[in-house]
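# Chain and residue survey
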Amino acid sequence: MEKSERGISMHLNRVKDKKISLKDLRKNFSEFEPALTPKEAVEESNRCLYCYDAPCIKACPTGINIPSFIKKIASGNLKGSAKVIMEANPVGASCARVCPTEELCEGACVLNNASLPIMIGNLQRHATNWAIQNSEQLFQAGEANGKSVGIIGGGPAGLSAARELARLGYEVTIFEAKEKAGGLDTHGIVSFRLPQEISLWEVEQVEKLGVKIHTNTKVGRDIPVEEVMNNFDAVVLAAGMSKVPMLGIEGEEAEGVFDAIDFVENTKTPPLDQQFIGKKIVVIGAGNTAIDAATCSVRLGAGDVKMIYRRTESEMTAYEFEYEFAKQDGVEFRWLTQPIKIIKDKAGHVKALECVRMELGEPDDSGRRRPTPVAGSEFSMEVDAVIKAIGQTRYVNLIEELGLEHNRGVVKIDMNTHQTSNPKVYAAGDVIFGDGQGDAMVVTAAQQGKLTAYAIHKQLITDEATLESV
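Here's a quick rundown of the structure. The shown structure was predicted, so the numbers you read here are calculated from the model rather than taken from an experiment. (Residues numbered from 1 in each chain as written. Predicted model: local features only at pLDDT ≥ 70, side-chain atom pairs only at ≥ 80, totals over all residues. Heavy atoms only, no water.)

### What to know about the overall build of the chain
As a reminder of what qualifies: Strands here are runs of E lasting at least two residues and helices are runs of H or I lasting at least four, both read from the DSSP assignment and numbered beginning at the N terminus. With C-alpha atoms as the basis for the radius of gyration, the globule rule is written as 2.2 Å multiplied by the number of residues raised to the power 0.38. Only protein chains enter the calculation, and the probe is 1.4 Å; a residue is then buried if its accessible area is under 20% of its type maximum, exposed if over 50%, and partly exposed in between. In short, Shrake-Rupley with a 1.4 Å probe defines the accessible areas, and a residue's cover is counted only from the protein chains shown. Neither His nor the chain ends is counted toward charge; the positive residues are Lys and Arg and the negative residues Asp and Glu. By convention, the point assigned to a charge is CZ for Arg, NZ for Lys, CD for Glu and CG for Asp.
Looking only at helices and strands, the chain features 18 helices and 16 strands. For 470 residues, the compact-globule formula gives about 23 Å, and the C-alpha radius of gyration of the chain, at 23 Å, lands near that figure. Expressed along its principal axes, the backbone C-alpha trace of the chain runs to roughly 75 × 55 × 45 Å. Looking at the chain as a whole, 53% of its 470 residues qualify as buried. Within the structure as shown, the chain displays about 20,900 Å² of accessible surface, and the carbon and sulfur contribution to it stands at 49%. Positive and negative charge centroids in the chain, built from 53 and 65 side chains respectively, lie 4 Å apart.

The structure is reproduced here in structure tokens:
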């Protein structure tokens, strides 16, 4: 059965009136993709051709030995399977759920030309689920080497770097600004795709290696930058990205205007907000976060959810499977539509959104055709809430306090050594994505973290060897 068919939530409550209960909302946020049964997993594993020089491995940014983990499922060695996965990808349980597998490993499967590709993501989830359910600790810390590394940010990149460094014998400390580590996986991906407990298990795997994680600790606010710089042999900047930027339109300060990042995060922990039941919601943007905000709105009981985007369907940045998922949830898309004003009622709450029709002109710096307003095409739509999802800002202040070279918040690194303009500071994940330095995916952030750990190890061990020879 194709994933698009399996992925339809059978319990999504589409009741539009205000009688929907909190219990219904909680049910709407449970994981939508059904797990494979043991029988299904073995049968699917046995479809694999276990290719030599398998294209699926090459398509995986972390290089998971996919035929190996699948063969272990077929033989009943689930611990071995999970270990193969997590060896290559320290956030492999999360990636089993959120990776665009259709574009990566499954997209490269040789069976695409004959029947259906192997359900690699589902099999990866099956093996890691077994490890989670059996409380398996898959790796051990290495023998202490006397070196220490401080990591700013406990998301996929930071956790991956920490895991590898701990296995290499480093004393590792993570500084995480939020109450829980895990970054995007813990806070920013919808629960019905990635339950929070999955990400927290990956955090626990790292902590059990002796990594210290200081939560509620923002570098530059709760601990001085100088203290971090002075207390470690190397520092990794893996702080991710920040809030959604301002729209820059009149009425944006109205009550009922939400940041998509905050909006999704607030659905990750109970109690779920009931204020959106039966309401009309507009999401501005067409990326993956915008899709998450829209599908969350549906599950919170909204009566009407629209996404508006100033370009066309072909220019949207969301993954194809995310787009299809939103359409299955009944989200309406309005293309070539630009918001120009938020209209408030007398109490200061969102009442309507004024928009203008757009048309595409010449390409801009991104290579996409630039949208321009169509004269006299203004119109308004009645709304109860507006969710902004037009990208994310970057931690420029922190980057500059560290004294690092950057281009509008994209930290510049040496792609071979992963060092920033300060040789003691390395960077990985969203802080470096952009300007040709990789794609902002969880799996690529995990790989960046691994490579950064190896680069630090190579540099520090080389330095030590040099000193000993003097």
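### Remarks on the packing of helix α5 (residues 66-74) against helix α6 (residues 78-88)
Rules: A fitted line through C-alpha atoms represents every axis, and for helices the fit uses only the stretch in contact; the resulting angles, taken between N-to-C directions, go from 0 to 180 degrees. Relative orientations are named as follows: roughly parallel for angles under 35 degrees, roughly antiparallel for angles over 145 degrees, roughly perpendicular for angles from 65 to 115 degrees, and oblique for any other angle. Handedness of a helix crossing follows the sense of rotation of the near helix relative to the far helix, less than a right angle counterclockwise being left-handed and clockwise being right-handed. Note on definitions: a residue-residue contact is assigned when non-hydrogen atoms from the two residues lie within 4.5 Å. When residues are sorted by character, Ala, Val, Leu, Ile, Met, Phe, Trp, Tyr, Cys and Pro go into the nonpolar class, Asp, Glu, Lys and Arg into the charged class, and all the rest, Gly among them, into the polar class.
In contact at an axis separation of 8 Å, α5 and α6 are set at 165° when each is read in the N-to-C sense. Considering their axes alone, α5 and α6 lie roughly antiparallel with respect to each other. In terms of crossing hand, the pair formed by α5 and α6 is left-handed. Note on element contacts: α6 touches α5 through L78, G80, S81, V84 and I85, opposite S68, F69, K72 and I73. Partitioned by chemical class, the residues of the contact of α5 with α6 number five nonpolar, three polar and one charged.

### Observations concerning the nonpolar core
Applied cut-off: Here, nonpolar core refers to any group of buried Ala, Val, Leu, Ile, Met, Phe, Trp, Tyr and Cys residues whose side-chain atoms link them within 4.5 Å. Either an automatic procedure or a domain database provided the assignment from which the domain bounds are taken.
I66, F69, I151, L237 and V411 are the most contacted members of the largest nonpolar core, which has 93 residues in total. With eight residues, helix α18 (residues 442-469) is the single largest residue contributor to this core. Three or more residues apiece are contributed to this core by two domains, here domain 1 (34-134) and domain 2 (148-242 + 393-468). Apart from residues no more than four positions distant in its own chain, F69 is found in contact with I64, S81, V84, I85, I120, L123 and Q124. One finds V190, I277, C296 and M307 within the second-largest nonpolar core, a separate group that totals 38 residues.

### Things to note about the sheet that holds strand β1 (residues 148-152)
Convention followed: Any two strands between which DSSP finds at least two bridges are classified as paired.
The strand order across the open sheet built from five strands is β3-β2-β1-β4-β16, with neighbouring strands paired in parallel fashion. Edge positions in the sheet fall to β3 (212-214) and β16 (425-427), since each has one partner strand and no second. Within the sheet, the average angular offset between the axes of one strand and its neighbour, ignoring direction, is 20°. Where helix α10 (residues 156-167) meets the sheet, it contacts β1 and β2 (171-175), and its direction lies at approximately 165° from that of β2.

### Re the sheet that holds strand β5 (residues 257-259)
Within the open sheet, the five strands sit side by side as β5-β13-β6-β7-β8. Their pairing is parallel. The open sheet has two edge strands with one neighbour each: β5 and β8 (332-334). Going from strand to strand, the sheet's axes swing by 25° on average, the running direction of each strand aside. In the sheet, strand β7 (residues 304-308) pairs with β8 via three bridges, with the strands oriented parallel. Within β8, the residue paired with M307 across the bridge is F333. Seen against the sheet, helix α15 (residues 288-299) touches β6 (280-284), β7, β8 and β13 (385-388) and runs at an angle of roughly 170° to β7.

### So, the pairing of strand β9 (residues 337-344)
On a regular strand, one side chain projects to one face of the sheet and the next to the other, so that they alternate. Across seven bridges, β9 lies against strand β10 (residues 350-363) in antiparallel orientation. Each bridged residue has a counterpart across the sheet, and for K344 the counterpart in β10 is V350. Remark: five residues form the turn of the hairpin made by β9 and β10, two consecutive strands paired antiparallel; G348 in that turn has positive phi of roughly 85°.

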